[in-house]
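Here's the letter readout for the chains.
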Amino acid sequence: MCIDADRLWDTLLKLARIGAYVDARTGLSGVNRLALTDADADGRRQVMAWFGEAGLEVRVDRVGNVIGRRAGRFDHLAPVMSGSHIDSVPTGGAFDGALGVIGALEVVRSLNDAGVVTRRPIEIAFFTDEEGCRFGTDMLGSAVACGRLPLDVALDLTDKHGLRMGDELARIGFQGEAEERLTPRHAYVEVHIEQGPVLAAAEMDLGVVSGVQGISWWELTVRGRSAHAGTTPMSLRRDPGVAVARLHLALDAMARSGRFGPEMRATMGRYDAHPGLVNVVPSRVICTVDLRNPDDDQMARAEAAFAEEVATIERDLQVTIEREQTARTDRVPFAPVVQAIIARHMDALGLRHATLLSGAGHDAQELAAVCPTAMIFVPGLHEGISHNPREMSTPAACARGVEVLYRTLVELAEEG
Ligand code: HGY
Ligand code: MN
Ligand code: MN
């Protein structure tokens, strides 16, 4: 192996201790490094220190992305890039995002150990707020870096407490001065835990990722009329909670119906009822909708059906439903030429691999706008559960994924 598997696993576990928490109900230890919180800042500072110790020239850009640069023999050539994110959902595990950043760091550390200087520079990065569950839109930092999201729009996003993203970035000391827009890179490769059951079920060692499915996120504010739970007859109610429940059932039925393709997925992950009291009919419910579909036409049809359902519910229940689209990306295909290089290195190592589309969003889908891009998936345990403290993989699986990352990045960094 070119990489040091023990150092990789040891560094992953060190990072997982930053923002670690024990779930009181299950006793499981998870990771909470919600974007731009103190825990995220601590993780950022630790990884930046590791970047510096590895001899990288480190810059922080205006949206808080942190990029470490390793000089190449022909330093003027476009760099080869790798990385991911170190922010997590509040109920996260140790691998989502972290494996991509620490894996890229391990590649640099191994190149240093071997005294190898590649033809092209190599850059490794962690991007700001990939998860999107605090400020409402995912892949935030990489979307700004690759041109999908304007910097000022990103900085003005607010969380549910009204805290502004730009202010939080400054508060933790990561509002950098480096230009955030990336000029074309030679290539980008990201290693990530699969976050699903496919590779383990097929007994594959690794996955070659062919792209990312479409994503459509919405925040809904459903308003009705607050009332006393005991004195208000059902006939006089305008209950936003009932509207949200009816919408949830409708979206679930839509996704299961097959009318929008066999892979349509719909999730309502957040319900905030106000005032949220046992004996008060809510005046307002804020909720979120997450639609996923690998087929862009089917996604558009599903969004139209979603809008119709909202109008019907408003009429039937005499509530108002404001919808704000907070994230929208079409299916993103990855570069066949980069996928082929990854697959060839997996073959050379005698590793079983499958090619699959990613169900989750990733920073790589933004980098695909600025250079040939692909991903390597590492199988997870426990049916690939993720966004959960039980997220887990094995030292051997992580090492295999990062070994392929090493060989792929070196090959790309030697290209003319
Ligand atoms: O939501 C996603 O797909 C990713 O985990 N941010
Ligand atoms: Mn991720
Ligand atoms: Mn995630």
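Residues numbered from 1 in each chain as written. Chains lettered and ligands numbered in written order. Predicted model: local features only at pLDDT ≥ 70, side-chain atom pairs only at ≥ 80, totals over all residues. Heavy atoms only, no water.

Novice: Sorry, what's going on with the coordination of the manganese ion (ligand 3) here?
Specialist: Each donor-metal-donor angle in an ideal tetrahedron of four donors is 109.5 degrees, and each such angle in an ideal octahedron of six donors is either 90 or 180 degrees. Summarising the metal site, the manganese ion (ligand 3) is bound by the protein donors Asp96 (OD), Glu131 (OE), Glu131 (OE) and His387 (NE2), whose distances to it range over 2.2 to 2.6 Å. Written as a sequence motif, the donor residues of the manganese ion (ligand 3) are D-x34-E-x255-H. (Donors = N, O, S within 2.8 Å, 3.2 Å for Na, K, Ca; no water.)

Novice: What is the right way to look at helix α2 (residues 38-53) in this model?
Specialist: One turn of an α-helix holds 3.6 residues; hence residues three or four places apart share an orientation. Across its 16 residues, α2 extends 22 Å between first and last C-alpha, which sits within 8% of the 22 Å expected from 1.5 Å per residue. All of the buried residues along α2 are Ala39, Asp40, Ala41, Gly43, Arg44, Val47, Trp50 and Phe51. Elements that come into contact with the buried residues of α2 comprise α1 (5-16), β3 (57-60), β4 (66-70), α3 (98-114) and β6 (122-126). (Helix = DSSP H or I, 4+ residues; strand = E, 2+ residues; numbered from the N terminus. Expected span 1.5 Å × (residues − 1). Buried < 20%, exposed > 50% of the residue type's maximum accessible area, 1.4 Å probe, protein only. Contact = heavy atoms within 4.5 Å.)

Novice: What exactly am I supposed to notice about the packing of aromatic side chains here?
Specialist: For the structure on display, the rule yields four aromatic pairs. The interplanar angle of 50° and the centroid separation of 6.1 Å between the aromatic rings of phenylalanine 51 and phenylalanine 126 together place this pair among those described as tilted. Of this pair, phenylalanine 51 sits in helix α2 while phenylalanine 126 is found in strand β6, placing the two residues 75 residues apart along the sequence. An angle of 85° between the planes, with centres 5.5 Å apart, marks the rings of tryptophan 218 and phenylalanine 306 as edge-to-face. Linking tryptophan 218 in strand β9 (residues 214-223) with phenylalanine 306 in helix α9 (residues 296-317), this pair joins segments that are 88 residues apart in sequence. (Phe/Tyr/Trp six-rings, centres within 6.5 Å; stacked < 30°, edge-to-face > 60°.)

Novice: Would you explain the site of ligand 1 in this entry?
Specialist: With respect to spatial proximity, the complete set of residues near ligand 1 consists of Glu130, Glu131, Trp217, Arg292, Ala360, Gly361 and His387. In the model, an oxygen atom of ligand 1 is placed 2.8 Å from a nitrogen or oxygen of the arginine 292 side chain. Here an oxygen atom of ligand 1 sits 3.2 Å away from a polar atom, N or O, in the side chain of histidine 387. Within the complex, 95% of the 210 Å² of free accessible area of ligand 1 lies under protein. Partitioned by chemical class, the residues of the shell around ligand 1 number two nonpolar, two polar and three charged. (Near = heavy atom within 4 Å. Polar contact = N/O pair within 3.5 Å; in protein donor to acceptor, adjacent residues only side chain to side chain. Areas by Shrake-Rupley, 256 points an atom, 1.4 Å probe, with all protein chains shown as cover. Nonpolar A, V, L, I, M, F, W, Y, C, P; charged D, E, K, R; others polar.)

Novice: Hey, could you run me through the coordination of the manganese ion (ligand 2) in this one?
Specialist: Only His85 (NE2), Asp96 (OD) and His192 (NE2) from the protein coordinate the manganese ion (ligand 2), and they sit 2.1 to 2.3 Å from it. Of note, the donors binding the manganese ion (ligand 2) are all from one chain and are spaced H-x10-D-x95-H. Here the manganese ion (ligand 2) and the manganese ion (ligand 3) are spaced 3.6 Å apart, linked through aspartate 96, which binds each one. On the criterion of sequence distance, the pair formed by histidine 85 in the loop between β5 (80-84) and α3 and aspartate 96 in the loop between β5 and α3 is long-range, its members being 11 residues apart. Neither residue differs from the other here; histidine 85 and aspartate 96 are each classed as buried.

Novice: Hey, could you run me through the domain arrangement of the chain in this one?
Specialist: Interfaces are often sized by the amount of accessible area the parts lose when they come together. As far as domains go, the chain holds domain 1 (5-213 + 333-413) and domain 2 (221-329). Computed from C-alpha atoms alone, the centre-to-centre distance between domain 1 and domain 2 is 33 Å. For the pair domain 1 and domain 2, the summed buried area comes to about 760 Å², and 42% of that belongs to carbon and sulfur atoms. Our count for the domain 1 to domain 2 interface comes out at zero salt bridges. Where domain 1 meets domain 2, there are four residue pairs in polar contact (both at pLDDT 80 or more). Across the side of domain 1 that touches domain 2, the residue classes tally to two nonpolar, six polar and four charged. (Domains from an automatic or database assignment. Buried area = accessible area lost by both parts, 1.4 Å probe. Salt bridge = Lys/Arg side-chain N within 4 Å of Asp/Glu carboxyl O.)

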